Amino acid sequence: MSRTHFHKGGLVEVTRSDHGGSTGPYYPATVLRPLTKDKAHIFVQYQTLTAHKADGRSKPLTEFVELGKVRPAPPRELHRLFKVGDDVDDFRAKGWSRGTVREILENSKYLVALDGQADQEFESDHFNLRLHREWDDGSWVPPLPEEQKSSGVVKCRKITFKLRDKKKTMGENFTNGTLVDDQADQEFESEQFNLRLHKEWDDRSRVSPLPEEQKSSGKKKCRKIRFTLKAKKETVRADFENGTLVEVSSDEEGYKDAWYTARVVEYIGKDKFLVEYVSLLTEDRTQLLREEAFASYIRPCPPPLPPVAQFKLLQKVDAWYNEGWWEGSISKVLTGSKYVVYFSSTNEELEFNHSNLRLHQDWLNGHWVMDPCCNFYGF
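From a predicted model like this one, the values you see are computed outputs, not experimental measurements.

J.: Run through the overall build of the protein, naming residues and quoting values.
T.: From N to C terminus, the protein includes zero helices and 28 strands. The 379 residues of the protein split such that 34% are buried. Of the contacts formed within the protein by residues at least 6 apart in sequence, a portion of 50% connects residues at least 24 apart. Only carbon and sulfur atoms are counted for the fraction: they give 49% of the accessible area of the protein, which is about 24800 Å².

Here it is in structure tokens:
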């Protein structure tokens, strides 16, 4: 783990000094300072652990951590199904601990025995489990599914450029502390987003000129307009392959804004698919429920997102309820990592644990769109 390069704002997991080994617990955290002077520690802020202030209030715990006790946060695989004997991590007591699935229960629950506590078994919700992986010299073991191997890192285009001697300024009166360029010709490699089009300041004007709407060099007073974006929730026609995991909705009264995980069995024509639900059973409860669904009510499973430390008031979420994901919004933030969620489709409020909520995403015109108010890191 010591060879891994961490960046400010990166999501990581930390095992505390009083624990060790691959059993954890591993606590989710955010990197505040990637490397200290001794090159052996980083400074992090925990997402689930808190410290008490002198006035009795709590704040996120921050501390310096040895590099050997830190690893990147593995991406979530929200739709993975577990079987008896699987090596898993169980989110318990604010951290991820290693264990083994002992029994599959009803209502998407499992019986898990934690390593070091083999004589005790704990009941865990499906979404509090993940497949256990080791971080070994820059890669996950066992490896991630092919589509997640990028670990969420966006590869940016790099450009090589040369710095030139800057022209002397033309009689400008600079105050103390003003920065000026003084660099000999050198070549550097830089990310594309760290570059901008060069402009010369020539006798109080820029060469080449700015676009018309930017010519005023002072502060521009803008007229503020409040507006609402409206988007029609439509699923672009997709050719789902047999066996693909998807989410299926319905326009049936009482089930609007609910999405159920299913697997595509086959395309049956006339824009319809036969699907088999992952968590819904037939009336006699002997087998998984199958039914036909129009393509307009089928969407891919949402991509995994970084874990959320705390949901905010009025934030859009999906709540795991009655074996499906129901669209709602946070109407109350309670203590003990609990929330009250309001469902506009049924005009009711229900209480949920943090672990049974996920950030809401909409599938619009073939792309996933998030609520712009989403915040992964805030307490």
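Next comes the rest of the account.
J.: Describe the packing of aromatic side chains, with residues and values.
T.: Here the structure, examined in full by the defined rule, presents 14 aromatic pairs. Taken together, a centroid distance of 4.6 Å and an interplanar angle of 35 degrees make the contact between F43 and F64 tilted. With F43 in strand β3 (residues 41–52) and F64 in strand β4 (residues 58–66), this pair connects stretches of sequence that are 21 residues apart. Between the aromatic rings of W320 and W325, the centroid separation amounts to 5.3 Å while the plane-to-plane angle is 65 degrees, which identifies the pairing as edge-to-face. Of the residues examined, W325 reaches a relative accessible area of 2% and is grouped as buried. Aromatic rings pair up to connect Y255, Y321, W326, F343 and F352 into one cluster. Note that R299 overlies the ring of W259, its terminal NZ or CZ placed 3.9 Å from the centroid. Sitting over the face of the ring of W325, R358 holds its NZ or CZ atom 4.2 Å from the ring centroid.

J.: Can you tell me about the pattern of salt bridges, naming the residues and giving the values?
T.: Under the definition given, this model contains 16 salt bridges. In this structure, the salt-bridge partner of R130 is E13, at a minimum N-O distance of 2.7 Å. With R130 in strand β10 (residues 129–131) and E13 in strand β1 (residues 11–15), this residue pair connects regions lying 117 residues apart in the sequence. A relative accessible area of 3% places E13 in the buried class. We note a salt bridge from E63 to R16, for which the minimum N-O separation is 3.1 Å. Within this pair, whereas E63 is found in strand β4, its partner R16 is found in the loop between β1 and β2 (26–33), the two being separated by 47 residues in sequence. By sharing partners, the salt bridges in this structure join E13, R71, D89 and R130 into a single network.

J.: An account of unusual backbone geometry is requested, with residue identities and associated values reported.
T.: A cis geometry characterises the amide bond from V141 onward to P142, with omega recorded as -5 degrees. Position of P142 among the secondary structure elements: in the loop between β12 (139–141) and β13 (158–163). Phi at K270 takes a positive value of approximately 55 degrees, unusual for a residue other than glycine. Examined against the element boundaries, K270 turns out to sit in the loop between β18 (258–269) and β19 (272–281). Classification of K270 as exposed rests on a relative accessible area of 79%.

J.: Account for the pairing of strand β23 (residues 324–333), with residues named and values stated.
T.: Looking at chain direction, β18 and β23 are connected through two bridges and run antiparallel. By the bridge assignment for β23, W259 is matched with W325. One ladder, built from six bridges, connects strand β22 (residues 316–321) with β23; its direction is antiparallel. Bridge assignment links Y321 to a residue of β23, and that residue is G324. Linking two consecutive strands that pair antiparallel, namely β22 and β23, is a turn of two residues; a positive phi of about 50 degrees is found at N322 within it. Once β23 ends, the chain turns through four residues before running back antiparallel as strand β24 (residues 338–343), passing G336 with a positive phi of about 70 degrees.

J.: Residue-level account of the nonpolar core, with values.
T.: Membership of the largest hydrophobic core comes to 26 residues, with the highest contact counts inside it found for V248, I298, F311 and L357. For this core, the secondary-structure elements that each account for two or more residues are β17 (245–248), β18, β19, β22, β23, β24 and β26 (357–359). Listed in part, the 14 residues of the second largest apolar core include F6, V44, L61 and V70.

J.: How would you sum up empty space enclosed by the protein? Please name residues and give values.
T.: Inspection of the entire model under this criterion finds two cavities of 30 Å³ or more. In this structure, the largest cavity encloses a volume near 50 Å³.

J.: Can you tell me about the side chain of Q315, naming the residues and giving the values?
T.: Positionally, Q315 belongs in the loop between β21 (298–300) and β22. Overall, Q315 belongs to the buried group, its relative accessible area being 5%. Within polar-contact distance, the side chain of Q315 engages the backbone nitrogen of K312 at 2.9 Å.

Criteria and cut-off values
- Residues numbered from 1 in each chain as written.
- Predicted model: local features only at pLDDT ≥ 70, side-chain atom pairs only at ≥ 80, totals over all residues.
- Heavy atoms only, no water.
- Helix = DSSP H or I, 4+ residues; strand = E, 2+ residues; numbered from the N terminus.
- Buried < 20%, exposed > 50% of the residue type's maximum accessible area, 1.4 Å probe, protein only.
- Contact = heavy atoms within 4.5 Å.
- Areas by Shrake-Rupley, 256 points an atom, 1.4 Å probe, with all protein chains shown as cover.
- Phe/Tyr/Trp six-rings, centres within 6.5 Å; stacked < 30°, edge-to-face > 60°.
- Lys NZ or Arg CZ within 6 Å of the ring centre and 35° of its normal.
- Salt bridge = Lys/Arg side-chain N within 4 Å of Asp/Glu carboxyl O.
- Pairing = 2+ DSSP bridges.
- Core = buried A, V, L, I, M, F, W, Y, C linked by side-chain atoms within 4.5 Å.
- 1 Å grid on protein atoms, 1.4 Å probe; cavity = no way out; pocket = protein on both sides within 12 Å on 5 of 7 lines; lining within 4 Å.
- Points joined across faces, edges and corners; volume = space filled by probe spheres on them.
- Polar contact = N/O pair within 3.5 Å; in protein donor to acceptor, adjacent residues only side chain to side chain.

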